[in-house]
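Examining the three-dimensional arrangement
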Amino acid sequence: DTGVSQNPRHKITKRGQNVTFRCDPISEHNRLYWYRQTLGQGPEFLTYFQNEAQLEKSRLLSDRFSAERPKGSFSTLEIQRTEQGDSAMYLCASSLALGGNIQYFGAGTRLSVL
Amino acid sequence: GNSVTQMEGPVTLSEEAFLTINCTYTATGYPSLFWYVQYPGEGLQLLLKATKADDKGSNKGFEATYRKETTSFHLEKGSVQVSDSAVYFCALRTNNNAGNMLTFGGGTRLMVKP
């Protein structure tokens, strides 16, 4: 299967702890996106990479959030000093810049901050 | 700014009933429009898309027509099945930013009863 893969699927942490999520995009997809989805809402854009360059960040991405895509392949999203309001589903998507730029989504990582 | 408004759910239908899920949008420029579907425990899957006014997207018996004059992209299906039970998201993408990120509506849960 060559779909978008996200790990872990679920993460439970205590307030104040740091967490890191990983996303493996579809091979050869040069664009990678992170979105956040809270219960009963649609996904909201967080940040976007083209290859290894982080080109855009939403205002939703506070200083406690950092994302990397060091070699232009997989990406990590780290949240420092987690807060209860960070509890959400974190979705990753990838696309090819050409060919319609259709975004393909992973199953997400569900974060619960206690 | 860009926004998408969907009818609130849940929508509960009997098998073989006709489905309409309303979606209207506000956007700068000329957006592409999408419907994504999210089955329980899975990631968002692209259902159909339309890239310009009067285009009709279709897939798996679902259809939606890009109506520029009413800024709408309503999802329809003539005869729903139990397997169509899922959450449906309307989304738009404008081409006036480098990242082409998606803006989603809040989602509409569809429940189909046998």
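Everything below is about the structure printed above this text.
Reference entry: report on the structure contained in this document.

1. As for the overall build of chain A
Within chain A, the regular secondary structure consists of zero helices and eleven strands. Listed by position from the N terminus, the elements making up chain A come as β-β-β-β-β-β-β-β-β-β-β. Taking 114 residues into account, the globule formula puts the C-alpha radius of gyration at 13 Å, and chain A, at 13 Å, falls close to it. Taking the principal axes of the C-alpha coordinates as reference, chain A spans close to 40 × 25 × 25 Å. Burial statistics for chain A: of 114 residues in total, 48% are counted as buried. Expressed as a percentage of contacts within chain A between residues at least 6 apart in sequence, the contacts between residues at least 24 apart total 53%. Looking at chain A as shown, the accessible area adds up to about 5900 Å², and 45% of this sits on carbon and sulfur atoms.

2. Here's the deal with the packing of aromatic side chains
With the rule as written, the count across this model stands at 14 aromatic pairs over all chains. With a centroid separation of 5.6 Å and 40° between ring planes, the pair formed by Phe62 of chain B and Tyr88 of chain B is classed as tilted. Here the residue Phe62 of chain B occupies a position in strand β8 (residues 62-65), and Tyr88 of chain B occupies one in strand β10 (residues 86-93), the gap between them amounting to 26 residues. Taken together, the ring pairs in this structure connect Tyr33, Tyr35, Phe45, Tyr48 and Phe105 of chain A together with Phe34, Tyr36, Phe89 and Phe104 of chain B into an aromatic cluster. Stacked on the ring of Phe74 of chain A, the Lys or Arg Arg22 of chain A has its end atom at 3.9 Å from the ring centre.

3. Notes on the interface of chain A and chain B
The partner chain B presents 19 residues to the 20 residues of chain A that form the contact. Between chain A and chain B lies a buried interface of about 1500 Å² when both sides are counted; carbon and sulfur atoms form 55% of it. Contact with chain B buries surface across chain A, with Pro43, Ile102 and Phe105 of chain A losing the most and accounting together for 30% of the total. Where chain A meets chain B, there are zero salt bridges. At the junction of chain A and chain B, the tally comes to four residue pairs in polar contact (both at pLDDT 80 or more). Of all the secondary-structure elements, those providing two or more residues to the side of chain A that touches chain B are β4 (31-37) and β5 (44-50) of chain A.

4. Focus: the nonpolar core
Soluble globular proteins tend to bury their nonpolar side chains together. Residues and elements named next belong to chain B. Among the nonpolar cores identified, the biggest contains 26 residues, and Leu19, Trp35, Leu47, Leu48, Phe73, Leu75 and Tyr88 are the most heavily contacted of them. With four residues, the single largest contributor to this core is β10. Discounting chain neighbours no more than four positions away, the residues touching Leu75 are Leu19, Thr20, Ile21, Trp35, Leu47, Leu48, Phe62, Glu63, Ala64 and Tyr88.

What counts, and where the lines are drawn
Residues numbered from 1 in each chain as written. Chains lettered and ligands numbered in written order. Predicted model: local features only at pLDDT ≥ 70, side-chain atom pairs only at ≥ 80, totals over all residues. Heavy atoms only, no water. Helix = DSSP H or I, 4+ residues; strand = E, 2+ residues; numbered from the N terminus. Rg over C-alpha atoms; globule rule 2.2 N^0.38 Å. Buried < 20%, exposed > 50% of the residue type's maximum accessible area, 1.4 Å probe, protein only. Contact = heavy atoms within 4.5 Å. Areas by Shrake-Rupley, 256 points an atom, 1.4 Å probe, with all protein chains shown as cover. Phe/Tyr/Trp six-rings, centres within 6.5 Å; stacked < 30°, edge-to-face > 60°. Lys NZ or Arg CZ within 6 Å of the ring centre and 35° of its normal. Buried area = accessible area lost by both parts, 1.4 Å probe. Salt bridge = Lys/Arg side-chain N within 4 Å of Asp/Glu carboxyl O. Polar contact = N/O pair within 3.5 Å; in protein donor to acceptor, adjacent residues only side chain to side chain. Core = buried A, V, L, I, M, F, W, Y, C linked by side-chain atoms within 4.5 Å.

That is the geometry; function is a separate question.
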